[in-house]
Amino acid sequence: MSALIQQLNPEQRAAVTLPAENALILAGAGSGKTRVLTTRIAWLISTGQVTPAGILAVTFTNKAAKEMMARLSAQLPIPVRGMWIGTFHGLCNRFLRAHWREAGLPQTFQILDIQDQLASIKRLLKALNVDDERHPPKQVQWFINGAKDQGLRPGDVEARDPQSRQLAEIYLAYEAQCTRDGVADFAELLLRSYEILRDNAAIRSHYRQRFRHILVDEFQDTNRLQYQWLKQLAGPEDAQGACVFAVGDDDQSIYAFRGAHAGNMDDYQREFRVRHLIKLERNYRSHGHILDSANTLIANNARRLGKNLRTEAGAGEPVRVFEAPSDYAEAQWLIEEIRQLLREGLVHSEIAVLYRANALSRVIEGALFNAGLPYRVYGGLRFFERAEVKHALAYLRLLDNPQDDTAFLRVVNFPARGIGARTLEQLQDAARLRATPLSEAVDALGGRGAASLQAFLDLVAQMRFQTAAISLPELVRHVLEASGLNAHYREEREGQERLENLEELVNAAAAFVTQEGFGLQATAQQRQALGAAPDSFAATDGIDPATGETLSPLTAFLTHAALEAGDNQAQNGQDAIQMMTVHAAKGLEFDAVFITGLEEGLFPHENALSETDGVEEERRLMYVAITRARKRLYLSLAQTRMLHGQTRYNLRSRFFDELPAESLKWLSAKLPGFGGGFGADQHSSWSYTPKVSVPSFTPATSNAGSPSSTGFSPAGVRGASSSGARPHGLRIGQAVFHNKFGEGVVLSLEGNGEDTRAQVKFNRHGAKWLALNIAKLTPVN
DNA sequence: ACCTGGGTACTTTTT
DNA sequence: GTACCCAGGT
């Protein structure tokens, strides 16, 4: 036990060993927050204050939950799996699977991700004949999710003007549709769980008795509904409710735009009568100048709980600042600095390039590419969000839940099986008339449409027949073949990568079955080991307490796919420079960090300036960005930047005026913002290659995509196009084929022999220029 | 079924 | 500038 807390600093130890009362831990960046959280759990259990079953720990991301589990199982000699540690959504899902009757959901209800939800809304708007000019689907989605995040049902929404009244009506109809489909969107998982706790006294008191300690990570990011949910679970303080251990940092609240309400921290202190407030201000991450910068900057925010980070690491290097005349120049400077860092022995993956908005990554990506530096851009589609994977999942969903119209419509005619739009319209009309799911309305139709539809239903039924007979990965493979998905992508020219992803889905299913231990499902003894009372509701995922039955592997897998969308591309775990938005960088740290595009209108972003507290949130965002850096921090801006197809002339970000001058080292002459002329380069040691235009050409084949401008200057190419014959036989302007990205056109070649790299613009589907090894390119004749 | 052209929007994003 | 969506043509 003492070993647990021995290595903690005094504040951390104080937090970990607090008595069983509500507490708020203000944990600054890099102050050992996760460590405190897990050690608190380990301490509570190992001192016998609570059994593992009496713990509920909630996070926002799967990553954080996993990390917590991993650390905990290193600290405790007990199985951590069955403990209630997870994301808000994951835990609510578990809750609803156990109480599906009370929730009014089918046991095998499916979870809609944002894409599914949008599709569902589009379908609804069509059915309701709503003018989607007046109510764009995206806006409706925003409205519904916003309402749910506040804990509001259609009846609770304030509907004063006709516009919002109609939105409330759409919301109502959307709910009905979801019920009919047997699906729940993300917010619904939370809202419905909350309502059951609120309205069902038996269940409420059960859980209140069960969970003695509730621990919340990233408390500043909770929205109103999540806060209400916590309140229901914890119960009133005077009764024998749970005690709450909330960890957060108001200075790192950067998700107000999606409903996070940092004010929950104040409310929490008041409503839960928090008497223990502990600040973790000792930072173990950053050098002095970096920390000073962060502290000085954030002091400009008015509404703070107040905190000042300190370090014992020494001042370190000053923060290097560069004002470039253009975005290209900024990127070029970045390359030089990165090269220097690499010479000093840093590995690529310890260097991060951060930006406020994804659009800013382009120019930098181009420069890194031309410089031949390996990089990885975060963001974009994740594995389970890919179209082909979603198609396969839609089939699987139909096996589990034939009512799921979203899934039905997604694959009824994919791969194409001659079911046209007219037929589907008729089917939808018939289903609406009878108030049944689409699959049950098929027999109302006649003609060839009906026959094709019936064939589709038979196909699905045939697949469903296999469900009980074969293992999950076998089932997935069977579905891929029987549905014709595999065949479809085998035919398709650019289908190779998609085929690979589908194969990967089979692997994912196999891995899931192994990991979740289906077959060796948690037994009553195992539950006992966790300290769960015998009468307890679900102790483990996959157990239906009412029947004692196990949730099918299929249902569990589909849930997993919805709740955990997977990595943004596993990508060749190669050592690479990390590129991401500041938001995406939260929770990460790097030896060297570049914060780019520090211009008024960009960072702080212009859209934020008009919002209340917008600038403060931007400042917190900057604070998060700064505190990612361990040893080196670089700030840069461009006087001229191409954005939205226009050249913008930006001023220096106001944040420069809020940083401590003594910690900054300006590399370029500090000019009075734009207007001071473009002479900055004369005062600096940096240079960059001016824009080189790609020679125009005609693609070799008709469908090679439009070889228009690529959006960045291939500055580093240095006249590669003019050199003579090349062993690989490729030339500029030639159409090429590469399995992964389909057909494209060579824009430039660099280097010679084995080192040769091609820059290729791919057509619509690839839509990217990429660093590609020549060996992987096949010329198209 | 597939392609093309026009129109449009476009900050951040996890579950 | 460009990416994505949808409508309409082949």
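Attention here is on the structure that accompanies the text. Keep in mind it's a predicted model, so treat the numbers as computed, not measured. (Residues numbered from 1 in each chain as written. Chains lettered and ligands numbered in written order. Predicted model: local features only at pLDDT ≥ 70, side-chain atom pairs only at ≥ 80, totals over all residues. Heavy atoms only, no water.)

### What about the environment of Ala 159?
Logical step 1: By the element assignment, Ala 159 lies in the loop between α8 (137-149) and α9 (162-181).
Logical step 2: In this structure the C-alpha to C-alpha distance between Ala 159 and Gly 597, which are 438 residues apart in sequence, comes to 41 Å.
Logical step 3: The residues contacting Ala 159, other than those within four sequence positions of it, are Ser 164 and Arg 165. (Helix = DSSP H or I, 4+ residues; strand = E, 2+ residues; numbered from the N terminus. Contact = heavy atoms within 4.5 Å.)

### Quick word on the protein's contact with DNA strand B
Logical step 1: Around DNA strand B, the surrounding shell holds 25 residues, and the nearest of these are Asn 62, Arg 356, Asn 358, Ala 416 and Thr 581.
Logical step 2: Among atoms of DNA strand B positioned within 4 Å of the protein, sugar and phosphate together represent 49%.
Logical step 3: Between DNA strand B and His 89, the relevant distance is 3.2 Å, taken from a base oxygen to a side-chain nitrogen or oxygen of the residue.
Logical step 4: Between His 605 and DNA strand B, the recorded distance is 3.2 Å, taken from a side-chain N or O atom to a sugar or linking oxygen.
Logical step 5: The residue makeup of the surface near DNA strand B, split by class, is nine nonpolar, 10 polar and six charged. (Near = heavy atom within 4 Å. Polar contact = N/O pair within 3.5 Å; in protein donor to acceptor, adjacent residues only side chain to side chain. Nonpolar A, V, L, I, M, F, W, Y, C, P; charged D, E, K, R; others polar.)

### Focus on the environment of Leu 96
Logical step 1: Within the secondary structure layout, Leu 96 lies in helix α5 (residues 88-98).
Logical step 2: When its relative accessible area of 0% is taken as the criterion, Leu 96 is described as buried.
Logical step 3: When the C-alpha atoms of Leu 96 and Leu 189 are compared, they prove to be 7.5 Å apart, with 93 residues separating the residues in sequence. (Buried < 20%, exposed > 50% of the residue type's maximum accessible area, 1.4 Å probe, protein only.)

### Observations regarding unusual backbone geometry
Logical step 1: Look at the link from Phe 414 to Pro 415: it is a cis peptide, with omega at -5 degrees.
Logical step 2: By secondary structure assignment, the location of Pro 415 is in the loop between α18 (405-411) and α19 (421-434).
Logical step 3: The peptide bond linking Phe 603 to Pro 604 adopts the cis configuration, its omega dihedral lying at 5 degrees.
Logical step 4: Checked against the element boundaries, Pro 604 lands in the loop between β15 (590-595) and α27 (606-609).
Logical step 5: Not every positive phi belongs to a glycine, and Asn 129 is a case in point at roughly 60 degrees.
Logical step 6: Here Asn 129 lies in the loop between α7 (114-127) and α8.
Logical step 7: Overall, the relative accessible area of 70% leaves Asn 129 in the exposed class.

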